[in-house]
There are 2 protein chains.
Amino acid sequence: MSSPSTPTRGRPARLDRARTLETALDLLNQSGLDALTMRRLADAMGVQAGALYRYFATKQDLLTAMAERMLEGVSTSAQAIDGDDWSERLATLARAQRTALLAHRDGARVFAGTHATGPSVLGFADTFVGVLREAGFQDEAAARALYTVVNYTVGHTLEEQAALQAEDGDPEAVSALRDAVTTDTYPHLNATLPTLTSTDFTRLFEFGLDLIIEGLRARHAPSSAK
Amino acid sequence: MSSPSTPTRGRPARLDRARTLETALDLLNQSGLDALTMRRLADAMGVQAGALYRYFATKQDLLTAMAERMLEGVSTSAQAIDGDDWSERLATLARAQRTALLAHRDGARVFAGTHATGPSVLGFADTFVGVLREAGFQDEAAARALYTVVNYTVGHTLEEQAALQAEDGDPEAVSALRDAVTTDTYPHLNATLPTLTSTDFTRLFEFGLDLIIEGLRARHAPSSAK
DNA sequence: ACCTGAACACCGTTCAAGT
DNA sequence: ACCTGAACACCGTTCAAGT
C-alpha cells in the first residue's frame, strides 16, 4: 500500500508507475509491441532494466497496466450522448473501444493479451451492461451481449491492425492472397475479392456491429418504452 | 519447388515439414505457446535448432503452417449438412472453427497471430461466402459477414482459452474481479455477476453467434426461396 | 543434401551490493 | 528507499564447416 511512490525523505525517485507507463505507451507507438522490451523501456527511462521490477512485478503486469490505461475515458464517451436509444449508445461504446485500441500501435494485441480489471475496463463494462438493463433487457442477455460486442470489437481490431502492418513492410502477403484466390478453386472468394481486400475497416466494423445490434433488437421485449 | 523433401540419394533426412509440424502441434498441446521454442522443438525432433530453418524460414512461418493445419477439414464439416438453410450451415461453420481452435492449447492465439492463406483457410472462407451468396445475399454483404463471424469467433475463443488458463494456475485473478465488482461502484456488473463469471462458454458463444445470424436474417432479401 | 557447432545479439528476471 | 552491476537461464537466427 505504501512501498514505492509514497513521499519519502530519500533521493527523489527517477522512476514511478505513471511516468513509466507513459514512456511504455510512447515506446509502443514508436516501435511496436515486439520491440517493447524491459531493457529498452529502462533505457528510455535512463535506468537499468532491473529497476523496473520495483514498480511492475512482471512484464505482463506492465502490459496489463498499459491495457487499462488505453481504455481510460471510453465509458464516459457514451454518457455524453444521453437521450439516445440503447442501440445508439451501445454502438457509441463499441466505437469508442475500437478507437481507443486503434490509438496505440498494436493496441488490440496488448489488450487481447492481458486481463485488465481496472476502473477503465470495469467502468466501460458497467456502463455497457447498464445501457441494456435500463432498456429492459434481462440480466443474462445484457451480460452476454457485453461479451459478444467486446469479443467482436477486439477480434476485428486485432485483424485491422495486423492488416495495417502487413500493408507496409510486407506487401507480398496481400498479393499472395490475390494470386491464390484468382483461380477456379475458390469461386466465391474470387467473386467477392474487391470487398474481401477492401481497406475500409470502419465500414467493415460498422457492418458487424450493426448485425449484432440488429440481433439484439430482435430479442428486445420493451417493458418501458422510454 | 524441390529443395528439401524431394527424394534424393543422400542420407534419409531426419526432418521434414510434415513431421516437424506434427511435433510442433504436440508440443503446443503439452506445454503451450510460450514454451514452444525453436530449440525445444528441435530437441523433440532430435536435432539442433538451426536445422529447422531448412524447412521453415522463420518461427512465424512455422506458426502460420500450424494455424493452417489446425483448420484442416473445417470446411467439409458444413458440406456434410446439406439441405439445411443458410443460417444453420453458417452456424455449423462457425462452430467448426471454434472447435478446431479449441482442439489445440492456445489455438486461438496461434491463429490470431498469423495470416494463414492455405487451402484450409481459403476453403473455409470460400464455403462460408458461398453459403451466403447462394442464399441470395449480395456479394458485399456475404464477404463482410465472413469477417464478422470469423472475427467474433476468434475474439471469443481467444477469451475462452485465456479464461481456461486463468482458472487453473492463477485463481486469484478470478476472485480479484469478484472483489472489485462487489461494491456499489459497478451496480450493473454486480447484478449480472453470475452470468459474467459463468464458464459455460459454449452457451456464450451461441448467444453471440445467434445475434449475428439474426442480424443477417434481418437484411436477407430472399430472391429464390430455396 | 542435410545437419552440427558455435556464435551473435538479444531476452525476462533476480539479487547482492552500493549510495 | 532506490538503483546498479552482474549474473542466470534462456531466446531466434545465421553460417562456416563437417559428413
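Residues numbered from 1 in each chain as written. Chains lettered and ligands numbered in written order. Predicted model: local features only at pLDDT ≥ 70, side-chain atom pairs only at ≥ 80, totals over all residues. Heavy atoms only, no water.

### Notes on the relation of the copies chain A and chain B
Point 1. Turning chain A through 180° and shifting it by 0.0 Å along the axis lays it on chain B, with an RMSD of 0.0 Å. Such a combination of turn and shift is consistent with a two-fold rotation axis.
Point 2. The share of interface residues of chain A whose copies in chain B are also at the interface is 100%, consistent with both copies meeting through the same surface. (Least-squares fit on C-alpha atoms with pLDDT ≥ 70 in both. Contact = heavy atoms within 4.5 Å.)

### Brief notes about the domain arrangement of chain A
Residue and element names in this part refer to chain A.
Point 1. When cut into domains, chain A gives domain 1 (1–57) and domain 2 (70–225).
Point 2. On a C-alpha basis, the centres of domain 1 and domain 2 stand 31 Å from each other.
Point 3. Residue-level contacts link eight residues of domain 1 with seven residues of domain 2.
Point 4. A combined buried area of about 650 Å² lies between domain 1 and domain 2, and 52% of that area is made up of carbon and sulfur atoms.
Point 5. Looking only at domain 1, the three residues that lose the most surface to domain 2 are Leu28, Asn29 and Leu33, adding up to 61% of its buried area.
Point 6. Measuring nitrogen to oxygen at the nearest pair gives 2.8 Å for the salt bridge that ties Asp34 to Arg109.
Point 7. Along the contact surface separating domain 1 from domain 2 lie four residue pairs in polar contact (both at pLDDT 80 or more).
Point 8. Along the lines of polarity and charge, the residues of the side of domain 1 that touches domain 2 split into three nonpolar, four polar and one charged. (Domains from an automatic or database assignment. Buried area = accessible area lost by both parts, 1.4 Å probe. Salt bridge = Lys/Arg side-chain N within 4 Å of Asp/Glu carboxyl O. Polar contact = N/O pair within 3.5 Å; in protein donor to acceptor, adjacent residues only side chain to side chain. Nonpolar A, V, L, I, M, F, W, Y, C, P; charged D, E, K, R; others polar.)

### Topic: the packing of aromatic side chains
Point 1. Scanning the entire structure with this criterion turns up six aromatic pairs over all chains.
Point 2. With 6.3 Å between their ring centres and 45° between their planes, Phe124 of chain A and Phe128 of chain A make a pair best called tilted. In this pair, Phe124 of chain A and Phe128 of chain A are both assigned in helix H7 (residues 119–134), four residues apart and thus about one turn of the helix distant. An identical accessibility class is assigned to Phe124 of chain A and Phe128 of chain A; each is buried.
Point 3. For the pair Tyr152 of chain B and Phe205 of chain B, a centre-to-centre distance of 5.5 Å together with 10° between the ring planes defines the contact as stacked. (Phe/Tyr/Trp six-rings, centres within 6.5 Å; stacked < 30°, edge-to-face > 60°. Helix = DSSP H or I, 4+ residues; strand = E, 2+ residues; numbered from the N terminus. Buried < 20%, exposed > 50% of the residue type's maximum accessible area, 1.4 Å probe, protein only.)

### Focus: the packing of helix H5 (residues 86–102) of chain B against helix H8 (residues 139–167) of chain B
Packed helices, taken two at a time, are described by their axes: the angle between them and the distance between them.
All names here are of chain B.
Point 1. Between H5 and H8, whose axes approach to 10 Å, the crossing angle comes to 35°. Crossing hand, H5 versus H8: right-handed. The residues of H8 that touch H5, namely those facing Ala94, Gln97, Arg98, Leu101 and Leu102, are Val149, Val150, Thr153, Val154, His156, Thr157, Glu160 and Gln161. (Axes fitted to C-alpha atoms, helices over the stretch in contact; angles between N-to-C directions. Left-handed = near helix turned anticlockwise from the far one by under 90°.)

### Examining the protein's contact with DNA strand C
Point 1. Near DNA strand C, the surroundings consist of 21 residues, among which Arg39 and Tyr53 of chain A together with Arg14, Gln48 and Arg54 of chain B are the closest.
Point 2. At 2.7 Å from a phosphate oxygen of DNA strand C is found a side-chain nitrogen or oxygen belonging to Tyr53 of chain A.
Point 3. Of the residues forming the surface near DNA strand C, the biggest block, three residues, is contributed by helix H2 (residues 38–44) of chain A.
Point 4. Tallied by class, residues from the surface near DNA strand C come to nine nonpolar, five polar and seven charged. (Near = heavy atom within 4 Å.)

### Here we look at the pattern of salt bridges
Residues and elements named next belong to chain B.
Point 1. Using the criterion set out here, one finds 24 salt bridges over all chains in the structure.
Point 2. Its salt-bridge partner being Glu22, residue Arg69 comes within 3.0 Å of it at the nearest N-O pair. Taken together, the positions of Arg69 in helix H3 (residues 59–70) and Glu22 in helix H1 (residues 17–31) put the pair 47 residues apart, joining distant regions of the chain.
Point 3. Given a relative accessible area of 27%, Arg69 falls into the partly exposed group.

### Concerning the interface of chain A and chain B
Point 1. In this assembly, 52 residues from chain A lie in contact with 52 residues from chain B.
Point 2. The largest share of the area that chain A buries against chain B comes from Arg144, His188 and Phe207 of chain A, three residues that together contribute 14% of it.
Point 3. Put simply, chain A and chain B have two salt bridges between them.
Point 4. We note a salt bridge from Asp210 of chain A to Arg219 of chain B, for which the minimum N-O separation is 2.8 Å.
Point 5. There are 12 residue pairs in polar contact (both at pLDDT 80 or more) connecting chain A and chain B.

### Looking at the packing of helix H1 (residues 17–31) of chain A against helix H3 (residues 59–70) of chain A
Residues and elements named next belong to chain A.
Point 1. As a packed pair, H1 and H3 sit with axes 10 Å apart at the nearest point and diverge in direction by 85°. By the angle between their axes, H1 is roughly perpendicular relative to H3. On the side of H1, the interface is formed by Arg17, Leu21, Glu22, Ala24, Leu25 and Leu28, while H3 contributes Asp61, Leu62, Ala65, Met66, Arg69 and Met70.
Point 2. Looking at the contact of H1 with H3 residue by residue, the class counts come to eight nonpolar, no polar and four charged. (Parallel < 35°, antiparallel > 145°, perpendicular 65-115°, else oblique.)

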